[in-house]
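Architecture at a glance
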Amino acid sequence: MSSGRPPTPSPPPGGLPGPPPRRRRRRGPAPGPPPGSPPPAGGPGTNDVFVTSRSDFRAQLRRCQRLLAPGGGPGGGPGELRLHGLGLAVPRTINLALQLQAGAGGALRLHASTSSVPLRPPRARRGAPPADDDGEDGDPPRHNSAIHIRLCREAPCA
């Protein structure tokens, strides 16, 4: 008795057919500054934190608290931390700095500065002629706002 359906093929000897397993996302601190952000003022080993809108806020807060703790940062924890936020991460960067200041009981001082970062032109679509790097295509260069907040530990007021 045939049900009218074609027979189902048996799985290959190596395992079941199907899509390959998905890779897990990398966990841990960000590998470096986001694209288009200005380079940090110091060299490697400084307490620079690049705040993104994708990372978990509480994880960023804990990381900053650990870096500000005595002996928590590179070189024994100098008691200074620099936060950098670009574009949509600017309000989150400000909020993170204020949360750190409130949690330190007034023992942190904030020094904020803002800047404007030029963005790279978008990649050309397939089949489109390559754009000139001179910016002579008639479009003005685009910029994105950025904030840089330096947090310094100070002696508590007596």
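Residues numbered from 1 in each chain as written. Predicted model: local features only at pLDDT ≥ 70, side-chain atom pairs only at ≥ 80, totals over all residues. Heavy atoms only, no water.

1. A short note on the overall build of the protein
Helix and strand counts for the protein come out as two helices and four strands. Each helix and strand of the protein, placed in order from N terminus to C terminus, yields the pattern β-α-β-α-β-β. Per-residue burial over the protein gives 23% buried out of 158 residues. When contacts within the protein are restricted to residue pairs at least 6 apart in sequence, long-range pairs at least 24 apart make up 76% of them. About 12,400 Å² of surface is accessible on the protein, with carbon and sulfur atoms providing 54% of the total. (Helix = DSSP H or I, 4+ residues; strand = E, 2+ residues; numbered from the N terminus. Buried < 20%, exposed > 50% of the residue type's maximum accessible area, 1.4 Å probe, protein only. Contact = heavy atoms within 4.5 Å. Areas by Shrake-Rupley, 256 points an atom, 1.4 Å probe, with all protein chains shown as cover.)

2. Examining the confidence of the model for the protein
The share of residues in the protein with pLDDT of 70 or more is 53%, and the mean pLDDT across the chain is 75. Here helix α1 (residues 57–68) stands out as the element of the protein with the lowest mean pLDDT, 91, in contrast to helix α2 (residues 90–103), whose mean of 94 is the highest. (pLDDT = per-residue confidence, 0-100.)

3. Some remarks on α1
Within an α-helix, residues lying three or four positions from one another point in the same direction, as the helix has 3.6 residues per turn. The terminal C-alpha atoms of α1 lie 17 Å apart, and with 12 residues this matches the ideal 16 Å at 1.5 Å per residue to within 8%. Within the span of α1, buried status applies to F57, Q60, L61, C64, L67 and L68. All buried residues of α1 lie within an arc of 125 degrees about the axis, which places them on one face of the element. Exposed residues pointing more than 90 degrees away from the buried face of α1 are listed as R58 and R62. In the core, the buried residues of α1 are packed alongside β1 (48–51), β2 (80–86), α2, β3 (108–118) and β4 (143–153). (Expected span 1.5 Å × (residues − 1). Arc of directions from axis to C-beta.)

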